[in-house]
Number of protein chains: 2
Amino acid sequence: MFVGLVNGKPLASIVSAGLSKFGKREGLYARELFAEAVKEAFDRCPRLEPKRDVKAMFVGHMGEAYEHQGHMGAAAADWAGLLNVPATRTEAACASSGVALLSGVYAVLSGLADVVLVGGVEKMTHRSTAEVTEFLAMASDYPFEQWHGITFPGLYALMATAHMHTYGTTETQLAHVAVKNHYHGSLNPKAQMQKEITLEAALASRVVASPLKLYDCSLITDGASCLILTKPELARRFTDQPVHIIGAGQASDSIGLYERQSLTSLRATRLAAQKAYEMAQITPDDVDVAEVHDCFTIAEIIAYEDLAFCGAGEGGKLAETGETRLGGRLPVNTSGGLKAKGHPVGATGTAQAYEIYLQLTGQAERRQVKGARVGLTHNVGGSGATATVHIYRSEA
Amino acid sequence: MFVGLVNGKPLASIVSAGLSKFGKREGLYARELFAEAVKEAFDRCPRLEPKRDVKAMFVGHMGEAYEHQGHMGAAAADWAGLLNVPATRTEAACASSGVALLSGVYAVLSGLADVVLVGGVEKMTHRSTAEVTEFLAMASDYPFEQWHGITFPGLYALMATAHMHTYGTTETQLAHVAVKNHYHGSLNPKAQMQKEITLEAALASRVVASPLKLYDCSLITDGASCLILTKPELARRFTDQPVHIIGAGQASDSIGLYERQSLTSLRATRLAAQKAYEMAQITPDDVDVAEVHDCFTIAEIIAYEDLAFCGAGEGGKLAETGETRLGGRLPVNTSGGLKAKGHPVGATGTAQAYEIYLQLTGQAERRQVKGARVGLTHNVGGSGATATVHIYRSEA
């Protein structure tokens, strides 16, 4: 939580962004995927001279276990053609690049680094599902959770069960989230899954951790993402279409689910959202398009509530109405989300920002939200021990 | 590298600091060690109301493998009594808390977080030496180094060999670094090793990776460290003895040694130092006391040269003269350094700053450098893919 409002003025501006193709990317190292995302960002921004202009980097990367490779900041800098640029890896589980983004915002605001590259990367699919499940579990509490054998599908299943018990949320409502996000993914050429699914197929898919089924779970994905940030007053030096970051919030909570006040709401999301809305001086009604952290379908429903897109307990109904589908009142996860675009964990936070960048600059093609001016991203680490919320505004 | 000088004005001020006892700390988790360091920092600063005042945290932590525990930012925040405070783990190998410190400086300068806690932690001694060696190796290049079986003693042995070949540096000069740092450690009640060693014992110790012997290597250590930063104009609200950070530099280099321009100098250190000196508007001659990254004795000798405490190739001779010993012209590693105080890798960067904080506030007891006003810390990640340099000034 921050002190001091910034009165709706931009904190920093995005002048370019890049995203690798998401999916199974055989034969590549994480650093090579990162370079693919960076190349798009540099290509989009011909006025940038990367070696001259980029003064600092923050790279979200969740797990050194996948490639037996730590120190990803320096490795990513080198492969991105930015040898010697200060590069820091940030990690907050699946919010690793959400916190990279905020660290980059701090750096820009500090006055010490005019242009900052933030991003994230993960290479996962070369490991077995059992290995990936174990590596992901390292983001939960070792003595109080992992040691007892619970993994993330189980933790989110506990939240889903509590939500159903408290509010009457149904498996069908969860499935609606999956169907919507697969539809959006079918419109995104970089998504891992580009095919629609039916409600029936979602409901008939095999149980992973009851009540969560296969189609309630996000994907194991290779991918990378990045953004180029600068001071708002310098943005037009680099682009005619900057996207301004006008609110930012981050909060933590207990790493173990057992210590939480509630299983049906993430306090970290609520605190981060409150700060971001305050800073941006907007209300949830002002948001035109949002990318939220749908690592499981229940997580998107809880996010609707914690971001105040609806009241507590109303997330399941909101999923059913279609209002969060393209063409609805507030399209959510137009990229396909973690569910269909894919979830290369360290890359997810800035990949969400990439989608909002496309939407607010009118470059989202078949999934463009018409007239979108205000966007929001919401990135969660673990079962909610970290959350970041960022709010964006186009200039037009 | 930064643009824009800050003209010798403080970037941020340290108003308190804490350090756990270093050594073999059986039966504790990293988060508990971190809480021990934080408790000291809070106890030293009774005017701080932690839950009210601390607005962000950056926690250096190198390896999730040791405790099968990622997401250390949130875990550390909770155990430090700072539940819900935004907490980001930073990682840059053994410079993980050097980069946490700079990230905290950015946050303070951003205007969004008045008071920021930065620190680091590692719990290592419960794993076997073979495991620790493997986990540490994850900070080197997987495809080009680890895969071939080389680990850090071997990488630094290559640098030592090159330095000997190029400049005539001797094994005896390396041993002088060990003897000095063990002497300093003998004066530090928190050091892992508190006994002096002789030059003969150092030279007779068993070979680890020729020419490096046991006493050329730093220790495997459990420990944690932290600092409380604020804006210079707020410092006196919290303490009568602030220490100001007046220069900061960070740079990267190739993660693999094979790609470097030189094996006898770390370009990342040189770039980081150049920036920090420029920003602080001081020269190396102005430094009264320094903590440098002596993960191996050769690393301290190279650091002397890269920090311009002496010319290229003169580091071995400087080690011999005694000028860097307590009582000498420029005491280096008065804490005992990584060599004798210990090297809990994620904690090292801010542990170095802790020592400088004690020195510049006259609290270093038996190892006090009389009249010390300007201090410097130098933290290296891996074989030099990351380096940070910070410069500090007392107020008096």
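Just so it is clear, the structure is predicted and the values come from calculations on it, not from any experiment.

## Concerning the relation of the copies chain A and chain B
What relates the two chain copies is a rotation about an axis together with a slide along it. Rotating chain A by 180° and translating it 0.0 Å along the rotation axis places it on chain B, where the RMSD comes to 0.0 Å. Such values leave the two copies arranged in the relation of a two-fold axis. The residues that chain A uses at the interface reappear at the interface of chain B in 100% of cases, marking a shared surface.

## Describing the pairing of strand E3 (residues 87-91) of chain A
Summarising burial for E3(A): five of the five residues are buried, a large majority. With burial as the criterion, each face of E3(A) is covered, one bearing A:Ala87, A:Arg89 and A:Glu91 and the other bearing A:Thr88 and A:Thr90. Sheet analysis places strand E2 (residues 54-60) of chain A next to E3(A), joined by four bridges and oriented parallel. Residue pairing in the sheet places A:Val59 in a bridge with A:Arg89 of E3(A). A crossover connection joins E2(A) to the parallel E3(A) through helix H3 (residues 72-79) of chain A; in handedness this β-α-β unit is right-handed. Two strands pair when backbone bridges link them, and E3(A) and strand E3 (residues 87-91) of chain B are joined in this way by three bridges, in the antiparallel orientation. If you follow A:Glu91 over to E3(B), its bridge partner there is B:Arg89.

## Description of the packing of helix H6 (residues 152-167) of chain A against helix H11 (residues 297-306) of chain A
Residues and elements named next belong to chain A. Between H6 and H11, the shortest axis-to-axis distance is 9 Å and the interhelical angle comes to 55°. If you check the angle between H6 and H11, you find them oblique. As H6 runs across H11, the sense of the crossing is left-handed. Judged by residue contacts, Tyr-156, Met-159, Ala-160 and His-163 of H6 engage Ile-298, Ala-299, Ile-301 and Ile-302 from H11. In the contact of H6 with H11, the residues fall into seven nonpolar, one polar and no charged.

## A look at the interface of chain A and chain B
Chain A puts 58 residues into the contact, and the matching count from chain B is 58 residues. Counting only elements with at least two residues in the side of chain A that touches chain B, the list comes to H3, E3, helix H4 (96-110), strand E8 (243-252) and helix H10 (267-280) of chain A. Looking at the side of chain A that touches chain B, the element that brings in the most residues is H4(A), giving six residues. Tallied by class, the residues present in the side of chain A that touches chain B amount to 29 nonpolar, 20 polar and nine charged.

## Digging into the pairing of strand E11 (residues 386-394) of chain B
All names here are of chain B. Most of E11 sits out of view: nine of its nine residues are buried. Residues of E11 alternate between two faces, with Thr-386, Thr-388, His-390, Tyr-392 and Ser-394 on one and Ala-387, Val-389, Ile-391 and Arg-393 on the opposite face, all of them buried. Examined bridge by bridge, strand E8 (residues 243-252) and E11 share nine bridges and lie antiparallel to one another. Bridged to Gln-250 within E11 is Thr-388. Bridging between strand E10 (residues 374-381) and E11 involves eight bridges; their strand directions are antiparallel. Residue Asn-379 lies in a different strand from E11, and its bridge partner there is Thr-388.

## Some details on the domain arrangement of chain A
Residue and element names in this part refer to chain A. In terms of domains, chain A is made up of domain 1 (12-127 + 221-238) and domain 2 (146-219 + 243-394). For domain 1 versus domain 2, the distance between C-alpha centres works out to 23 Å. Every contact between the two is made by 37 residues of domain 1 and, on the other side, 32 residues of domain 2. Ranked by residue count, the leading element in the side of domain 1 that touches domain 2 is H4, at eight residues. Its residues placed into classes, the side of domain 1 that touches domain 2 shows 22 nonpolar, 12 polar and three charged.

## With respect to the confidence of the model for chain A
Residue and element names in this part refer to chain A. Of the residues in chain A, 98% reach a pLDDT of 70 or more, and the chain-wide mean stands at 96. Here residues 1-6 scores under 50 on pLDDT; set against residues more than four positions off or in separate chains, the count is 17 contacts. Of the two predicted TM-score estimates for the complex, the pTM is 0.97 and the ipTM is 0.97.

The rules behind each value
- Residues numbered from 1 in each chain as written.
- Chains lettered and ligands numbered in written order.
- Predicted model: local features only at pLDDT ≥ 70, side-chain atom pairs only at ≥ 80, totals over all residues.
- Least-squares fit on C-alpha atoms with pLDDT ≥ 70 in both.
- Contact = placed C-beta atoms within 7 Å.
- Buried ≥ 20, exposed ≤ 12 C-beta atoms within 10 Å, placed from the backbone.
- Helix = DSSP H or I, 4+ residues; strand = E, 2+ residues; numbered from the N terminus.
- Pairing = 2+ DSSP bridges.
- Right-handed = clockwise from strand over helix to strand, strands pointing away.
- Axes fitted to C-alpha atoms, helices over the stretch in contact; angles between N-to-C directions.
- Parallel < 35°, antiparallel > 145°, perpendicular 65-115°, else oblique.
- Left-handed = near helix turned anticlockwise from the far one by under 90°.
- Nonpolar A, V, L, I, M, F, W, Y, C, P; charged D, E, K, R; others polar.
- Domains from an automatic or database assignment.
- pLDDT = per-residue confidence, 0-100.

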